[in-house]
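Here are the chains, one letter per residue:
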Amino acid sequence: MMAGHFDLRCGLIGSPQRLVAPALAICLGLLGCAHDSAPEPIREWGQVEDFEQPLAVFEHVFWEPRDTTTTREFLRAEDLTGKRVMEIGTGSGLLALCALKAGAEQVVATDVNPHAVANAHYNAERLGLADRLDVRRVAEEARGAFVALRPGETFDLIVSNPPWEDARVGKIEDYALYDPGWLLLESLLDGLPDRLSPDGRLWLAYGTRSGVLAVIRAANARGYPVTMLEQDQEVASLPNEFLPAVTLEIRLP
């Protein structure tokens, strides 16, 4: 795939590839007795091409694997052997688990939703990956991107399918959908110099034109180059909402 470098002055980004997502959300009632040790109710079982086993999706946890169809393709193509990875807003743990499957030495995954923290733990245990996954809860009143980290922790790759819209949050599940005032995005970009290792990268999956533009503006304001990992096209040609999301890569200058 071609990578497109862009900023607001040239107005170019990479075009989303309209792949047909094979990910399906399936209910496996016959397996219920085998997984009755789950710490919370399982809403459904989600099957994606990345794993032979379905992933559990707990009540009150966001699940839409089509968001990250191409992001997961890029993760599958990466050799993360010996690398440290962070996922922000882990939900069911999907991207964190994909990074572990790609060889990551350790993944730190964070989420403000306590149901998501339990969900990611549970899926990691079922897949035999829990020894390399550290899931941490972010306090709701301190929603910065890196508040759950310890001083000096850095990562070779930070990945996130963050909230795509600037809107108010009403309940805990809404943090997966809305980023009021783009405060999470702003804190993420502000913290990059302290949290990315040399030659480290940030991957953000966005499926709204407003979200893509918010990333470009905020990154350009800080002097960060932004690259689309898909093919080039005009920002204006993106629909308001689209699936799968596009993957924006940010590196420090």
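All of the points below concern the structure found in this document. (Residues numbered from 1 in each chain as written. Predicted model: local features only at pLDDT ≥ 70, side-chain atom pairs only at ≥ 80, totals over all residues. Heavy atoms only, no water.)

## Some remarks on the overall build of the protein
Now for step 1: Along its length, the protein carries five helices and 13 strands.
Now for step 2: For the protein, buried positions account for 53% of its 253 residues.
Now for step 3: At a minimum sequence separation of 6, the contacts of the protein that also span at least 24 residues come to 70%.
Now for step 4: Total accessible area on the protein stands at roughly 11,000 Å², and carbon and sulfur atoms take up 52% of it. (Helix = DSSP H or I, 4+ residues; strand = E, 2+ residues; numbered from the N terminus. Buried < 20%, exposed > 50% of the residue type's maximum accessible area, 1.4 Å probe, protein only. Contact = heavy atoms within 4.5 Å. Areas by Shrake-Rupley, 256 points an atom, 1.4 Å probe, with all protein chains shown as cover.)

## Notes on the side chain of Arg72
Now for step 1: Inspection of the secondary structure puts Arg72 in helix H1 (residues 69–77).
Now for step 2: There is a polar contact of 3.4 Å between the side chain of Arg72 and the side chain of Glu49. (Polar contact = N/O pair within 3.5 Å; in protein donor to acceptor, adjacent residues only side chain to side chain.)

## A short note on the packing of helix H4 (residues 183–195) against helix H5 (residues 209–221)
The packing of two helices is summarised by the inter-axis angle and the distance between the axes.
Now for step 1: At a minimum axis separation of 10 Å, H4 and H5 run at an interaxial angle of 35°. The two elements H4 and H5 meet at a crossing, and its hand is right-handed. Contact residues: Leu185, Glu186 and Leu189 in H4; Ala214, Val215, Ala218 and Ala219 in H5.
Now for step 2: Residue composition of the contact of H4 with H5, grouped by class: six nonpolar, no polar and one charged. (Axes fitted to C-alpha atoms, helices over the stretch in contact; angles between N-to-C directions. Left-handed = near helix turned anticlockwise from the far one by under 90°. Nonpolar A, V, L, I, M, F, W, Y, C, P; charged D, E, K, R; others polar.)

## Some points on the nonpolar core
Now for step 1: The biggest cluster of nonpolar side chains holds 37 residues, and the ones touching the most others in it are Phe146, Ile158, Leu185, Leu189, Leu192, Tyr206 and Ile250.
Now for step 2: Among the elements of the structure, strand S6 (84–88), strand S9 (155–160), H4, strand S10 (196–208), H5, strand S11 (226–228) and strand S13 (241–250) are those that each provide at least two residues to this core.
Now for step 3: Apart from the residues within four sequence positions on either side, Tyr206 is in contact with Pro162, Pro163, Trp164, Trp182, Leu185, Gly211, Val212, Val215, Phe242, Ala245, Val246 and Leu248.
Now for step 4: In terms of nonpolar packing, the next biggest core, distinct from the first, is built from 30 residues, Trp63, Ala120, Leu133 and Val159 among them. (Core = buried A, V, L, I, M, F, W, Y, C linked by side-chain atoms within 4.5 Å.)

## Digging into the pattern of salt bridges
Now for step 1: As enumerated under the stated definition, the model contains 16 salt bridges in all.
Now for step 2: Across the pair Arg76 and Glu49 runs a salt bridge, and its minimum N-O distance is 3.9 Å. Separated by 27 residues along the polypeptide, Arg76 in helix H1 and Glu49 in the loop between strand S4 (42–47) and strand S5 (55–58) bring together distant segments of the chain.
Now for step 3: You can call Arg76 partly exposed: its relative accessible area is 42%.
Now for step 4: In this structure, Asp190 engages Arg222 in a salt bridge whose closest nitrogen and oxygen atoms are separated by 2.8 Å. (Salt bridge = Lys/Arg side-chain N within 4 Å of Asp/Glu carboxyl O.)

## Quick notes on the layout of surface pockets
Now for step 1: Taken as a whole, the largest pocket spans an internal volume of roughly 870 Å³.
Now for step 2: Residue lining of the largest pocket: 46 residues in total, with Asn161, Pro162, Pro163, Tyr175 and Ala176 positioned closest to the centre.
Now for step 3: Among the elements of the structure, S6, helix H2 (94–101), strand S7 (106–111), H4 and S13 are those that each provide at least two residues to the lining of the largest pocket.
Now for step 4: Residues belonging to the lining of the largest pocket are distributed by class as follows: 24 nonpolar, 13 polar and nine charged. (1 Å grid on protein atoms, 1.4 Å probe; cavity = no way out; pocket = protein on both sides within 12 Å on 5 of 7 lines; lining within 4 Å. Points joined across faces, edges and corners; volume = space filled by probe spheres on them.)

## So, the environment of Met228
Now for step 1: Tracing the backbone shows Met228 in strand S11.
Now for step 2: Placed 22 residues apart in sequence, Met228 and Ile250 show a C-alpha to C-alpha distance of 9.0 Å.

## Notes on unusual backbone geometry
Glycine aside, residues mostly have negative phi angles, and peptide bonds mostly take the trans form.
Now for step 1: In this chain, Leu243 is followed by Pro244 through a cis amide linkage whose omega measures -5°.
Now for step 2: Tracing the sequence through the fold places Pro244 in strand S13.
Now for step 3: One non-glycine residue with positive phi stands out, namely His60, at about 70°.
Now for step 4: For His60, the position within the fold is in the loop between S5 and H1.
Now for step 5: Judged by its relative accessible area of 36%, His60 falls in the partly exposed class.
Now for step 6: For Asp199, which is not glycine, the phi torsion reads 70° and is therefore positive.

## Brief notes about H2
Now for step 1: Of all eight residues making up H2, seven are buried, and the element is well covered by its neighbours.
Now for step 2: The set of residues buried in H2 consists of Leu94, Leu95, Ala96, Leu97, Cys98, Ala99 and Leu100.
Now for step 3: Directly beyond the C-terminal end of H2, a positive phi value near 105° is found at Gly103.

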